[in-house]
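The primary structure of each chain is shown beneath.
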Amino acid sequence: DTEVTQTPKHLVMGMTNKKSLKCEQHMGHRAMYWYKQKAKKPPELMFVYSYEKLSINESVPSRFSPECPNSSLLNLHLHALQPEDSALYLCASSPVLATNEKLFFGSGTQLSVL
Amino acid sequence: GQNIDQPTEMTATEGAIVQINCTYQTSGFNGLFWYQQHAGEAPTFLSYNVLDGLEEKGRFSSFLSRSKGYSYLLLKELQMKDSASYLCVGGDYKLSFGAGTTVTVRA
């Protein structure tokens, strides 16, 4: 299994809603990532977990809350989002956290905030 | 981090060859990746270069010159399905993405 699975594929939410994005991989990877991508822009790193511990937080607003319950799962909890947070949210994993390891991406969640 | 520069757009005809250039800061360099991303889809891995020289994989080849901070991705025998964004990615302690080059293949 060389897949990273993300759910849901599409999400529409209001600014007062609370929702969660989920990501799962069964490749035994110990590094997992959240990226945000706006149209026609490259992915922007948000968070990195290494061995289930938060290693990198790119100064992301607190309305985004990551969670890594175990080595296979990664969640992104969303609360009180703004319309400008509408984007494609990509999860990725790699064997370990290192810049010479290739990233395996999920197909993303297209988020619309109304 | 790395400042990574690549052209914004390129257009070519089916069957032709396209070369996408990428330049980056050399300090703390730890290899360079190329990813392909179709609109609305996830990026997929194409190549990784850590040593100087050309790596060939079928219709796609990638070149690296570490001393010059320069790489290119060569797409040969272009097909319509190659229309996509191509991302140059590298970094020291964390990966940085170039802005992406949108390649449009015309019949």
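The rules behind these values
- Residues numbered from 1 in each chain as written.
- Chains lettered and ligands numbered in written order.
- Predicted model: local features only at pLDDT ≥ 70, side-chain atom pairs only at ≥ 80, totals over all residues.
- Heavy atoms only, no water.
- Helix = DSSP H or I, 4+ residues; strand = E, 2+ residues; numbered from the N terminus.
- Rg over C-alpha atoms; globule rule 2.2 N^0.38 Å.
- Buried < 20%, exposed > 50% of the residue type's maximum accessible area, 1.4 Å probe, protein only.
- Contact = heavy atoms within 4.5 Å.
- Areas by Shrake-Rupley, 256 points an atom, 1.4 Å probe, with all protein chains shown as cover.
- Buried area = accessible area lost by both parts, 1.4 Å probe.
- Salt bridge = Lys/Arg side-chain N within 4 Å of Asp/Glu carboxyl O.
- Disulfide = S-S within 2.5 Å.
- Pairing = 2+ DSSP bridges.
- Core = buried A, V, L, I, M, F, W, Y, C linked by side-chain atoms within 4.5 Å.

Attention shifts here to the overall build of chain A. Of regular secondary structure, chain A possesses 0 helices and 11 strands. From first element to last, N terminus to C terminus, chain A shows the α and β order β-β-β-β-β-β-β-β-β-β-β. Computed over C-alpha atoms, the radius of gyration of chain A comes to 13 Å, within 12% of the 13 Å expected from 2.2 N^0.38 for 114 residues, which places it in the range of a compact globule. Burial analysis of chain A (114 residues in total) assigns 45% to the buried set. For chain A, long-range pairs separated by at least 24 residues make up 55% of all intrachain contacts whose partners lie at least 6 apart in sequence. As displayed, chain A has an accessible area near 5500 Å², and 51% of this comes from carbon and sulfur atoms.

Right, let's get into the interface of chain A and chain B. Counting from both sides, the interface comprises 17 residues of chain A and, opposite them, 19 residues of chain B. Taken together, the two surfaces of chain A and chain B that pack against each other cover about 1500 Å², and 63% of this comes from carbon and sulfur. The largest per-residue losses of area from chain A upon contact with chain B belong to A:Thr99, A:Lys102 and A:Phe105, which jointly make up 37% of the total buried on that side. Put simply, B:Lys94 and A:Glu58 hold a salt bridge, and the shortest N to O gap is 2.3 Å. Secondary structure elements with two or more residues in the side of chain A that touches chain B: β4 (31-37) and β9 (87-94) of chain A.

The next thing to look at is unusual backbone geometry. Residues and elements named next belong to chain A. The step from Thr-7 to Pro-8 runs through a cis peptide bond, and the omega angle for that step is -10°. If you check the backbone angles, Tyr-51 has positive phi at about 50° while not being a glycine. Inspection of the secondary structure assignment puts Tyr-51 in the loop between β5 (44-50) and β6 (53-57). Since its relative accessible area comes to 46%, Tyr-51 is described here as partly exposed. Despite not being glycine, Ala-80 has its phi angle at roughly 55°, a positive value. Topologically, Ala-80 is positioned in the loop between β8 (73-79) and β9.

It is worth spelling out the state of the cysteines at this point. Within this structure, the stated rule accounts for 2 disulfides over all chains. There is a disulfide in this structure between A:Cys23 and A:Cys91, and the S-S distance comes to 1.9 Å. As the torsion about the S-S bond is roughly -70°, the A:Cys23-A:Cys91 disulfide counts as left-handed. With a gap of 68 residues between them, A:Cys23 in strand β3 (residues 18-25) and A:Cys91 in strand β9 connect regions that are remote in the sequence. The class for A:Cys23 is buried, based on a relative accessible area of 1%. Residue classification places A:Cys91 among the buried residues on the basis of a relative accessible area of 0%. In this model B:Cys22 forms its disulfide with B:Cys88; the gap between the sulfur atoms is 1.9 Å. Negative torsions about the S-S bond denote left-handed disulfides, and the value of about -75° found for B:Cys22 with B:Cys88 makes this one left-handed.

A word on the sheet that holds strand β8 (residues 70-75) of chain B. Residues and elements named next belong to chain B. With respect to topology, 5 strands assemble into an open sheet ordered β1-β3-β8-β7-β6, the strand pairing being antiparallel. At either end of the open sheet lies a strand with only one pairing partner, and these are β1 (4-5) and β6 (53-57). Bridge count for strand β7 (residues 60-65) against β8 is 6 bridges, and the pairing is antiparallel. Within β8, the position partnered with Ser-61 by the bridge is Leu-74.

Let us look at the nonpolar core. Counting 22 residues, the largest nonpolar core has A:Trp34, A:Phe64, A:Leu76 and A:Leu78 as the members making the most contacts within it. Elements supplying a minimum of two residues to this core: β2 (10-13), β3, β4, β5, β7 (64-70), β8, β9 and β11 (109-113) of chain A. Discounting residues that sit within four places of it in the chain, A:Leu76 has contacts with A:Lys19, A:Ser20, A:Leu21, A:Trp34, A:Met46, A:Phe47, A:Phe64, A:Ser65, A:Pro66 and A:Tyr89. Within the second largest apolar cluster, 20 residues are counted, among which are B:Ile4, B:Trp34, B:Leu73 and B:Ala84.

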